[in-house]
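In case you want the letters, here they are:
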Amino acid sequence: MITRKIFNDTETAFRLKTDSELNRAIFLFEMIDRPLLVKLGTAATNLSLKLHLPVETLIKKTVFNQFCGGVTEKDCIPTVKKMYSKNLHSILDYSVEGKEKESEFEKAIERKTNIVKFIADKKELPFAVFKPTGIGRFELWQKVSANASLTLEEEEEWQRVKNRVNKICDEAYKQGVRLLADAEESWMQKAADDLMEEMMFKYNRERAIIFNTLQCYRWDRMQYLKDLHSRAKEQGFIVGAKIVRGAYLEKENERAAKMGYMSPICENKEATDVNYNGAVTYCLAHIEDIHVFIGTHNEVSNYLALQIMEDKGIAINDDRVWFSQLFGMSEHISYNLAEEGYNVAKLVPFGPVKEVVPYLIRRAEENTSVRGQTGRELALLYEERKRRGGELTKSNRESELVS
């Protein structure tokens, strides 16, 4: 039985953080723990960037350095190697969002494909990741998902999107790099689901190279998982499933209410947890057919997965099972799982400071919307500072951040 509370070990969790980095994290999570401050900070940041005010240095020294690995792939490597020295892998994610032009989509897929090549010989970087709407217009994904008629120009545009997806999947297959496709809003997701299933059929014949993401705050994802599994068995491919809770809850509910359709989101947090844990349990019960990437900051869900692995005799380092958390968050889960010998990877975003601000804002908003998440982060950070035997005053911490 998994009885030892491994996630309470703060010394292991924060051993790579200097005192300065520890206090920066405390300062930031104290700010994030106040929803009003997050809203005001978000508005101020967006306005400052729009007005071209000199705020990039402040952003970089605070929230960027907490949640991002650097500006370029090479910037991230020292951090990646430092984490790997503690058995913790990384996933480089070029987190630039909101592009609309074909030329920008071509540059994005070229960048993502080059990342696949860049990490091919680096055992500390076992996965690559891409965002479907980063390589094609959101409205086009939405239209295809709705089975709407496309104009001739849109048909040609959609074919280019499919070609881009196949290009990065083919490169991942050639390089032996596993590739994660992000999930997004429900009204574009069907097109992504269908296309990623095509890629699994093509490339996941011997092992899972291509992974699609299932957002379990959607009440329909459990049935989708079972149906996908059934088709995979019939057609002879392995499912790659990245299991997450979801990142667009308020947007999904607001759109459903505004447009008068049933929300695709579970009725409450408890229902989402049941759905998530059910999906993880299902994947681990069918590990011969489904390789699973468990992306969660929830301790209960992680403990459940550990217990199932033990009960089913799945080795802790079985390459078909991976755990993951975001860089700068839930260090107590990531580092302690890695210390125990499980396969764990941190998602490490990078990109130009100004262009990753939308990603950083989403991270802050998600933390304020998840009940207890920030409080747990802070409690552990406080505990580690106490263990180290020191406590800086708030004014000292703030001056340290901007020095």
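Computed from a predicted model, the values in this text were never measured in an experiment.

(A) Region of the structure containing the nonpolar core. In terms of nonpolar packing, the biggest core is built from 117 residues, with Ile243, Leu284 and Phe323 touching the most fellow members. It is helix α9 (residues 186-203) that provides the largest number of residues to this core, a total of nine residues.

(B) Structural detail: the side chain of Thr296. Tracing the sequence through the fold places Thr296 in the loop between β6 (290-295) and α13 (299-311). Residue class for Thr296 comes out buried when judged on its relative accessible area of 4%. Among the polar contacts listed, one links the side chain of Thr296 to the backbone nitrogen of Asn298, at a separation of 3.0 Å.

(C) Helix α11 (residues 249-259), seen in detail. Turning to α11, its buried residues number three or more, namely Glu252, Arg255 and Ala256. Projected onto a plane normal to the axis of α11, the buried residues spread over an arc of 100° and lie on a single side. Facing away from the buried side of α11, by more than 90 degrees, are the exposed residues Glu250, Glu254, Ala257 and Lys258. Those residues of α11 that are buried are in contact with α7 (138-145) and α9. Backbone geometry just after α11 places Gly260 at a positive phi near 75°.

(D) Layout of the packing of aromatic side chains. This structure, assessed with the given rule, holds 11 aromatic pairs. Ring geometry for Phe127 and Trp322: centres 5.3 Å apart, planes at 85°, overall edge-to-face. Taken together, the residues Phe127 in strand β2 (residues 127-130) and Trp322 in strand β7 (residues 321-326) connect sequence positions 195 residues apart. Pair check on accessibility: Phe127 and Trp322 agree, each one buried. Between the aromatic rings of Phe138 and Trp187, the centroid separation amounts to 6.2 Å while the plane-to-plane angle is 70°, which identifies the pairing as edge-to-face. A residue pair is termed long-range when its members are at least 10 positions apart, and Phe138 in helix α7 and Trp187 in helix α9 qualify at 49 residues. What makes Phe138 buried here is its relative accessible area of 18%.

(E) Region of interest: unusual backbone geometry. Non-glycine residue Asn87 carries a positive phi angle of around 70°. Inspection of the secondary structure puts Asn87 in the loop between α5 (73-84) and β1 (89-94). Overall, the relative accessible area of 30% leaves Asn87 in the partly exposed class. Non-glycine residue Asn147 carries a positive phi angle of around 55°. Within the secondary structure, Asn147 sits in the loop between α7 and α8 (152-175). Judged by relative accessible area, which is 62%, Asn147 ranks as exposed.

(F) Layout of the pairing of β2. Side chains Phe127 and Val129 project from β2 onto one buried face, and the interleaved Ala128 and Phe130 project onto a second face that is buried too. Bridge count for β2 against strand β3 (residues 178-181) is four bridges, and the pairing is parallel. When the sheet's bridge partners are listed, Phe127 is paired in β3 with Arg178.

(G) Fine view of the packing of α13 against helix α14 (residues 331-340). Contact geometry of α13 with α14 gives a least axis separation of 11 Å together with a crossing angle of 20°. Relative to α14, the element α13 is oriented roughly parallel. Here α13 runs over α14; the crossing is right-handed. Here Glu299, Asn302 and Leu306 of α13 lie close against α14, whose contacting residues are His332, Ile333 and Leu337. Considered class by class, the residues forming the contact of α13 with α14 number three nonpolar, two polar and one charged.

(H) Geometry of the pattern of salt bridges. Per the counting criterion, the structure on display carries 32 salt bridges. Arg387 serves as the salt-bridge partner of Glu11, at 3.9 Å between the closest nitrogen and oxygen. Highlighted residues: Glu11 in helix α1 (residues 10-13) and Arg387 in helix α16 (residues 373-388), separated in sequence by 376 residues. With a closest N to O distance of 3.0 Å, Glu73 and Arg111 form a salt bridge. Of this pair, Glu73 sits in helix α5 while Arg111 sits in helix α6 (residues 102-119); the two residues are 38 residues apart in sequence, bridging distant segments of the chain. Glu73 sits in the buried class, given a relative accessible area of 13%. You can call Arg111 partly exposed: its relative accessible area is 24%. Several salt bridges converge on common partners, so that one network encompasses Glu11, Asp19, Glu384, Arg387 and Arg388.

Rules behind the numbers
- Residues numbered from 1 in each chain as written.
- Predicted model: local features only at pLDDT ≥ 70, side-chain atom pairs only at ≥ 80, totals over all residues.
- Heavy atoms only, no water.
- Core = buried A, V, L, I, M, F, W, Y, C linked by side-chain atoms within 4.5 Å.
- Buried < 20%, exposed > 50% of the residue type's maximum accessible area, 1.4 Å probe, protein only.
- Helix = DSSP H or I, 4+ residues; strand = E, 2+ residues; numbered from the N terminus.
- Polar contact = N/O pair within 3.5 Å; in protein donor to acceptor, adjacent residues only side chain to side chain.
- Arc of directions from axis to C-beta.
- Contact = heavy atoms within 4.5 Å.
- Phe/Tyr/Trp six-rings, centres within 6.5 Å; stacked < 30°, edge-to-face > 60°.
- Pairing = 2+ DSSP bridges.
- Axes fitted to C-alpha atoms, helices over the stretch in contact; angles between N-to-C directions.
- Parallel < 35°, antiparallel > 145°, perpendicular 65-115°, else oblique.
- Left-handed = near helix turned anticlockwise from the far one by under 90°.
- Nonpolar A, V, L, I, M, F, W, Y, C, P; charged D, E, K, R; others polar.
- Salt bridge = Lys/Arg side-chain N within 4 Å of Asp/Glu carboxyl O.

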